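Report on the structure
So you can see what is in the structure, the chains are spelled out below.
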There are 2 protein chains.
Amino acid sequence: MANTFEVPQPGNELLKKADQVRFASIKVSQTENHIRIKALNFMADYLEKNTKEILDANNEDYKNAERKGISNALLFRLKLSKEKLNLGIEGIRKVGELADPVNQIQIKRELSKGLVLERKTVPIGVLGVIFESRPDAVMQISALAIRSGNGVILKGGSEANLTNTAIVNALQEGLFESGIDKNAICLLKSRKDSMSMLNLENYINLIIPRGSNELVKFIQENTRIPVLGHADGICHLFIDNEANLEVALSVALDSKIQYPAACNAIETLLVHKEIAPVFLEKAIPLFNSNKVKLIGDKRSVELGLKYEATLEDWQTEYLDLILSIKIVDDLDEAITHIRKFSSKHTDGIITENLSAANKFMNEVDSAGVFHNCSTRFADGFRYGFGAEVGISTQTLPPRGPVGLEGLVTYKYFLKGNGNIVKDFSYGKAIYTHKDL
Amino acid sequence: MANTFEVPQPGNELLKKADQVRFASIKVSQTENHIRIKALNFMADYLEKNTKEILDANNEDYKNAERKGISNALLFRLKLSKEKLNLGIEGIRKVGELADPVNQIQIKRELSKGLVLERKTVPIGVLGVIFESRPDAVMQISALAIRSGNGVILKGGSEANLTNTAIVNALQEGLFESGIDKNAICLLKSRKDSMSMLNLENYINLIIPRGSNELVKFIQENTRIPVLGHADGICHLFIDNEANLEVALSVALDSKIQYPAACNAIETLLVHKEIAPVFLEKAIPLFNSNKVKLIGDKRSVELGLKYEATLEDWQTEYLDLILSIKIVDDLDEAITHIRKFSSKHTDGIITENLSAANKFMNEVDSAGVFHNCSTRFADGFRYGFGAEVGISTQTLPPRGPVGLEGLVTYKYFLKGNGNIVKDFSYGKAIYTHKDL
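Residues numbered from 1 in each chain as written. Chains lettered and ligands numbered in written order. Predicted model: local features only at pLDDT ≥ 70, side-chain atom pairs only at ≥ 80, totals over all residues.

**Comments concerning the overall build of chain A**
- Helix and strand content of chain A: 16 helices and 17 strands.
- Each of the three principal axes of chain A carries a C-alpha extent, and together these read 75 × 75 × 40 Å.
- Taking all 436 residues of chain A together, the buried fraction comes to 54%. (Helix = DSSP H or I, 4+ residues; strand = E, 2+ residues; numbered from the N terminus. Buried ≥ 20, exposed ≤ 12 C-beta atoms within 10 Å, placed from the backbone.)

Have a look at this one:
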């Protein structure tokens, strides 16, 4: 719990803003479904209307960033083309079409005569979102926040300040048009504010970081506010001795190269010693021809790999065309390795042996445990959630890919007619506990 | 985030123990429902068989504690009578009768042809339980842990070490008899270990503190492991101007005096200014005759209260026959006061006006929002959960009284036949997203 950096206490201006968002969030949380849908449509409309202003602002940001010499990768993420903007607008409308996550009744129970308990989903309150560059994130996350009845405090990279301001202005106009307090969406602009957010535990109920592993790790270590997300994504695929060789090769390749920078791409391949010679004989040229650098343990080097792995390789999320390979004696060794090095994101097994598959899926304690398919399926859209808030690698819910349901919590509503507990102590009243 | 005390790093012996529990917990998590039920019954049987050893050990602890001059309250909680032990044994059998929280299917969905996603509840892993005195807690929490397929590391007050050891021995004999690794229940005995537990984030998935507000607060501030529980329980009751006077008096009294040391007892009564004169005229003598000390704001002092409240009173959980009273101008002022001072445990309103009740219940963001009934109903048993792990005042789930469902999480199981993501990029495969 060492702080490498002192997170500043929020100043008065930030506290005032946070209070405005909190106040607005109470109002949003009370709006009916159709109002929130209307708000999203107006938000999309105003982004369309303000297209020119937004793209001009982005041009300005881009030119300033170029002048400052920021990296090409960052410049690429900063650039908001008309197409990217339109995709964002389309995305907002789509979030409007998703089922309302609020006011879902989870429990309805008569506790005693005239005393009825309801557990209903309610918005979390205020979300704090910290993201790097990528102005499209502002649109997506604001849409998700309003759809789920929450307020949101946004802090983007300062290099995108003009763009983000133009976008948030349009979003606020949309909110206003639908009768919702425009303070429900708030943009912070200084880096100091972004860090102070981490100390706003009385105002912000959930932090959602969107950015590098380092950013997420820093946030997780420097706030008492719950954080939805994950730092590392060290995913494994285990090729069992009873694997179908063709499936093994195809899934291993897809899991690594389909999009190597994704968190659900594999970093380590574990191979059963009995299948290792025949698997590697085919896998090595296949990975080579796809420009994947293979780094392996001693045994796999003996079977033809060029580079020998160190402890660090099992702990590294390459996010690149690099794959570490380890040959294991059996399923148990594979599970033990995964339990030790996995970041509990997604781990898979390739086997035709159902009991091996079951053992693997039950004993590996990751958010996703996959059998005979690519780890790249670990994603909210692919799971059918419609929208993804993020992927959580913590053990407690929400876990794995999180859709709108990650932006609501629940509350117990108890309605009586004067019921008191004393009456139960001498039999005047009794518990019925009847689900309604 | 200031540490007033350095939490020690776990030593090798503790790490070894924790690893044993983690290993055992994997095995427990795979056991079928009937095995876990059998284990609870054997645990109860062995406690019965070992009654003499356990009571003797408790006598010894008690004598040592007396000699050391520990407080009467602590002595009272330490004392394990035959009746208390039998109640604990009975409790274990009852937990066995509750529905299995594990392996509940929450989502079953075809993502694409031959690719099926399941979300199932799974045990959390290893629970870390820190409690003061009260040897009965060992029985209850061990039963809940095993019922939900978890391992548990227990640390009780050192004054109950002999008792706790005797109890855990019996519980482990029961586990062993049912074929479960006895290391699934582990007792730590030194205070150093108890504190080091807070740094076992790689071994413990959830901390459950059972003890004073100070203990809970200390734990919350000194661990990165999720904590299930709450420190303060500052509950409010608001008497609206449209309250039924009789209901208001009866519920206010019950909420305060039925068990003042409980977390769900009220500490502050908010009274609408229009009903205040007539309400206080009857309430003051009623509370006086029940020995409740009333401390009020200026306006309620003008209406007959003897003691004037300071800011501190609105922030204090008295846990005693003391009640603070504040007169408010309207419903909004009551809600604002509650949002500011409530610990988000349980807050209630007394009114015959349904729209006032709804506004209150929607805008107060506490785990429990009650209408025309006593706050004392906020309790897992009364809610019909059968057993209570604790009451959580955090915003995210699990929230409010938590039953066995608080001791499980979920995992995504994805089963395919070689499905790869690449095939979806050029139309060879499509997403069907069909719930099964």
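Once you've had a look at it, read on.
**Focus on the sheet that holds strand 5 (residues 185-188) of chain B**
Residues and elements named next belong to chain B.
- What the 4 strands build is an open sheet, ordered 5-4-3-6; its pairing is parallel. Each of the sheet's edge strands pairs with one partner strand only, and the pair in question is strand 5 and strand 6 (206-210). Sheet twist, expressed as the mean angle between neighbouring strand axes with direction ignored, is 20°.
- Across 5 bridges, the pairing between strand 3 (residues 126-131) and strand 6 is parallel. (Pairing = 2+ DSSP bridges. Axes fitted to C-alpha atoms, helices over the stretch in contact; angles between N-to-C directions.)

**Re the environment of Lys359 of chain A**
- Inspection of the secondary structure assignment puts Lys359 of chain A in helix 15 (residues 354-363).
- Spatially, the C-alpha atoms of Lys359 of chain A and Asp232 of chain A are 25 Å apart, while their sequence positions differ by 127 residues.

**Some points on the environment of Ser342 of chain A**
All names here are of chain A.
- Its place among the elements puts Ser342 in the loop between helix 14 (331-341) and strand 12 (346-350).
- In sequence terms Ser342 and Asp365 are 23 residues apart; their C-alpha atoms lie 9.1 Å from each other.
- Beyond its immediate sequence surroundings of up to four residues, Ser342 is in contact with Ile234, His236, Asp347 and Ser366. (Contact = placed C-beta atoms within 7 Å.)

**Here's the deal with the sheet that holds strand 8 (residues 266-272) of chain B**
- Pairing is mixed in the open sheet, where 11 strands are placed in the order 17(A)-1(A)-2(A)-16(A)-13(B)-12(B)-7(B)-8(B)-11(B)-9(B)-10(B). Each having just a single partner strand, strand 17 (434-435) of chain A together with strand 10 (307-308) of chain B make up the two edges of the open sheet.
- As paired strands, strand 8 of chain B and strand 11 (residues 322-328) of chain B are joined by 5 bridges and run parallel to one another. Within strand 11 of chain B, the residue paired with Leu270 of chain B across the bridge is Lys326 of chain B.
- This element, helix 10 (residues 245-257) of chain B, spans strand 16 (408-419) of chain A together with strand 7 (235-239), strand 8, strand 11, strand 12 (346-350) and strand 13 (368-373) of chain B of the sheet and lies at about 170° to strand 7 of chain B.
- Relative to the sheet, helix 14 (residues 331-341) of chain B contacts strand 7, strand 8, strand 11 and strand 12 of chain B, its axis offset from that of strand 11 of chain B by approximately 140°.

**So, the relation of the copies chain B and chain A**
- Structural alignment of chain B on chain A gives an RMSD of 0.0 Å, achieved by rotating through 180° and translating 0.0 Å along the axis. Both chain copies can therefore be described as sitting about a two-fold axis. Residue Pro397 of chain B, judged by its C-alpha, is the member of chain B lying nearest the rotation axis, at 3.8 Å.
- Mapped onto chain A, 100% of the interface residues of chain B again fall at the interface, so both copies present the same surface. (Least-squares fit on C-alpha atoms with pLDDT ≥ 70 in both.)

**Looking at the interface of chain B and chain A**
- Residue-level contacts link 56 residues of chain B with 56 residues of chain A.
- Breaking the side of chain B that touches chain A down by element, the ones donating at least two residues are helix 1 (12-30), strand 1 (105-112), strand 2 (115-123), helix 10, helix 15 (354-363), strand 13 and strand 16 (408-419) of chain B.
- Ranked by the residues each element gives to the side of chain B that touches chain A, the list is headed by strand 16 of chain B, at 11 residues.
- The residue inventory of the side of chain B that touches chain A, partitioned by class, reads 26 nonpolar, 19 polar and 11 charged.
- Two elements, strand 16 of chain A and strand 13 of chain B, share 5 bridges in a ladder whose sense is parallel. The partner of Leu414 of chain A across the bridge, within strand 13 of chain B, is Phe370 of chain B. (Nonpolar A, V, L, I, M, F, W, Y, C, P; charged D, E, K, R; others polar.)

**Comments concerning the packing of helix 6 (residues 136-147) of chain B against helix 7 (residues 161-177) of chain B**
All names here are of chain B.
- As a packed pair, helix 6 and helix 7 sit with axes 9 Å apart at the nearest point and diverge in direction by 30°. Comparing their axes, helix 7 and helix 6 come out roughly parallel. The crossing of helix 6 and helix 7 is right-handed. Between helix 6 and helix 7, the contacting residues are Val138, Met139 and Ser142 on the first element and Asn164, Ile167, Val168 and Leu171 on the second.
- When the residues that make up the contact of helix 6 with helix 7 are grouped by side-chain class, the tally is 5 nonpolar, 2 polar and no charged. (Parallel < 35°, antiparallel > 145°, perpendicular 65-115°, else oblique. Left-handed = near helix turned anticlockwise from the far one by under 90°.)

**Quick look at helix 10 (residues 245-257) of chain A**
- Helix length check: helix 10 of chain A, at 13 residues, gives a terminal C-alpha distance of 18 Å against a target of 18 Å (1.5 Å per residue), a fit within 8%.
- Regarding helix 10 of chain A, the residues found buried are Val247, Ala248, Val251, Ala252, Asp254, Ser255 and Lys256 of chain A. (Expected span 1.5 Å × (residues − 1).)

**A word on the nonpolar core**
- One finds Met43, Leu47, Ile153, Ile239 and Phe360 of chain B to be the most contacted residues of the largest nonpolar core, which totals 135 residues.
- If we ignore the near neighbours within four places in the chain, the residues touching Leu47 of chain B are Ile54, Leu85, Ile89, Met139, Ile167 and Ala170 of chain B.
- Listed in part, the 77 residues of the second largest apolar core include Ala57, Ile92, Leu206 and Val402 of chain A. (Core = buried A, V, L, I, M, F, W, Y, C linked by C-beta atoms within 7 Å.)

**Some words on the domain arrangement of chain A**
- With domains assigned, chain A is organised as domain 1 (12-221) and domain 2 (235-377).
- Spacing between the C-alpha centres of domain 1 of chain A and domain 2 of chain A amounts to 37 Å. (Domains from an automatic or database assignment.)

**Remarks on the environment of Leu206 of chain A**
Residues and elements named next belong to chain A.
- Tracing the backbone shows Leu206 in strand 6 (residues 206-210).
- Judged by C-beta crowding, with 23 C-beta atoms within 10 Å, Leu206 ranks as buried.
- Residues Leu206 and Val227 lie 21 residues apart in sequence; the distance between their C-alpha atoms is 5.9 Å.

**Focus: the confidence of the model for chain A**
- Chain-level pLDDT for chain A is 94 on average; 99% of the residues reach the 70-or-more range.
- Across the assembled chains, the prediction reports ipTM 0.93 with pTM 0.92. (pLDDT = per-residue confidence, 0-100.)

**So, the pairing of strand 3 of chain B**
Residues and elements named next belong to chain B.
- Within strand 3, 6 of the 6 residues are buried, which leaves the element mostly enclosed by the surrounding structure.
- Residues Val126, Gly128 and Ile130 of strand 3 are buried on one face, and the alternating residues Leu127, Val129 and Phe131, pointing to the opposite face, are buried as well.
- Of the pairings in the sheet, the one linking strand 3 to strand 4 (residues 151-155) comprises 5 bridges and is parallel in character. Each residue of the ladder has a partner; that of Gly128, found in strand 4, is Ile153.

**Overview of unusual backbone geometry**
- Here Pro397 of chain A and Pro398 of chain A are connected by a cis peptide whose omega angle stands at -10°.
- Along the polypeptide, Pro398 of chain A turns up in the loop between strand 14 (390-392) and strand 15 (400-402).

**Concerning helix 14 of chain B**
All names here are of chain B.
- Looking only at helix 14, the buried set comprises Leu331, Ala334, Ile335, Ile338 and Phe341. Viewed end-on, helix 14 has its buried residues packed into an arc of 150°, placing them on one side of the element. In helix 14, the exposed positions that point more than 90 degrees away from the buried face belong to Asp332 and Lys340.
- Those residues of helix 14 that are buried are in contact with strand 7, strand 8, helix 13 (311-314), strand 11, strand 12 and helix 15. (Arc of directions from axis to C-beta.)

**Side note on the pairing of strand 2 of chain B**
Residues and elements named next belong to chain B.
- The pairing of strand 1 with strand 2 spans 6 bridges and is antiparallel. Bridge pairing links Glu110 to Val116 in strand 2.
- Alignment of strand 2 against strand 16, held across 8 bridges, turns out to be antiparallel. In the strand pairing of strand 16, Leu117 is matched with Leu414.

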